[in-house]
Amino acid sequence: MKIILYLTVITLLITTVASDSAAPPYTNHTVGGSAGWFFNTSTNSSSTDYSKWAADQTFNLGDFLIFNTNTNQTVIQTFNETAYQKCDADDTSETDTSVYSGGNEIGKEVTFAVPLTIEGSNYFFSDTDDGVQCAQGMAFKINVKHGRGLPPSLNQPPPPPYVEPPPSNSDQSPPSTATTNQQERFYNGGERSGANMRMWVGVMFLFGLLVV
């Protein structure tokens, strides 16, 4: 019985290793090929047919999409099909949509490397010019397969939320050293009581001398 169990475990291990070996390697996909991710304002159309480009690719978890573009363009990655169909990311959330942009400098060449971390439908589009570029072809959808699964570098939990540290002692107000009226009354009263007692003792001493 033990021999059969050992053989079963070994068979499962061999099958797992063989399955991983058969899965395709992680791949970087350059979006649009040599055309890059651009919009031709002269023809009012995208630089290439991105949907056709995507149809010729096989995408797996852990792959990257490489967008060679410039700061005039944006890349929206979303799992929200409605946003994709509307070419509008305004009603999306951080949990289902990521926005890649190059900042305020106009026309500067940039490259966005977008990891594929969710299996199934992934949608990409440009929301530049209020979605006009998207409507004119700067959009595509892909189906991400499991492949080898996520590599360790992409399979990490998100960092814990930031917690504001407590204020340091230097930021706290020092304890007040000013005396209150009650303290003044106590101290002054104590002093006066002591003086009265010393005067009374002196009077009694003189009275005793006179009697003697």
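Preceding block: the structure.
Reading the values: rules and limits
- Residues numbered from 1 in each chain as written.
- Predicted model: local features only at pLDDT ≥ 70, side-chain atom pairs only at ≥ 80, totals over all residues.
- Heavy atoms only, no water.
- Pairing = 2+ DSSP bridges.
- Helix = DSSP H or I, 4+ residues; strand = E, 2+ residues; numbered from the N terminus.
- Axes fitted to C-alpha atoms, helices over the stretch in contact; angles between N-to-C directions.
- Patch = residues over 30% accessible without salt bridge, like charges linked within 9 Å, V, L, I, M, F, W, Y side chains within 5 Å.
- Areas by Shrake-Rupley, 256 points an atom, 1.4 Å probe, with all protein chains shown as cover.
- Salt bridge = Lys/Arg side-chain N within 4 Å of Asp/Glu carboxyl O.
- Lys, Arg positive; Asp, Glu negative; His and termini not counted.
- Charge placed at Lys NZ, Arg CZ, Asp CG, Glu CD.
- Buried < 20%, exposed > 50% of the residue type's maximum accessible area, 1.4 Å probe, protein only.
- Phe/Tyr/Trp six-rings, centres within 6.5 Å; stacked < 30°, edge-to-face > 60°.

J.: When you look at the sheet that holds strand S1 (residues 28-30) in this model, what are you seeing that I'm missing?
T.: Pairing between the strands of a sheet comes from backbone hydrogen bonds, and it takes one of two forms, parallel or antiparallel. Pairing is mixed in the open sheet, where three strands are placed in the order S1-S5-S8. The open sheet has two free edges, formed respectively by S1 and strand S8 (109-115), since each of these has just one partner strand. Within the sheet, the average angular offset between the axes of one strand and its neighbour, ignoring direction, is 25°. As defined by bridge partners, strand S5 (residues 64-70) adjoins S8 across seven bridges and the pair is classed as antiparallel. The partner of Ile66 across the bridge, within S8, is Ala113.

J.: What am I meant to see in a negative patch on the surface here?
T.: Residues Asp88, Asp90, Asp91, Asp129 and Asp130 make up a contiguous surface patch of negative charge. With respect to the element layout, Asp91 can be found in the loop between helix H3 (81-86) and strand S7 (97-101). Judged by relative accessible area, Asp91 falls into the exposed class, the value being 72%.

J.: Sorry, what's going on with the pairing of strand S10 (residues 139-145) here?
T.: Within a regular beta strand, the side chains point alternately toward one face of the sheet and then the other, so they alternate between its two faces. Bridge count for strand S4 (residues 59-60) against S10 is two bridges, and the pairing is parallel. When the sheet's bridge partners are listed, Asn60 is paired in S10 with Lys145. Both strand S9 (residues 120-125) and S10 contribute to a ladder of six bridges, which runs antiparallel. Bridged to Phe125 within S10 is Ala139.

J.: Mind showing me how you'd approach the packing of aromatic side chains here?
T.: Between two aromatic rings, the relevant description is the distance of the centres plus the angle of the planes. Tallying each qualifying case throughout the model produces eleven aromatic pairs. A centroid spacing of 5.2 Å and a plane angle of 85° characterise the contact between Trp37 and Phe67, whose relative ring orientation is edge-to-face. Taken together, the positions of Trp37 in the loop between S1 and strand S2 (39-40) and Phe67 in strand S5 put the pair 30 residues apart, joining distant regions of the chain. For Trp37, a relative accessible area of 0% corresponds to the buried category. Classification of Phe67 by relative accessible area gives buried; the value is 0%. A connected cluster of aromatic rings, assembled from ring pairs, spans Trp37, Tyr50, Trp53, Phe59, Phe67, Phe124 and Phe140.

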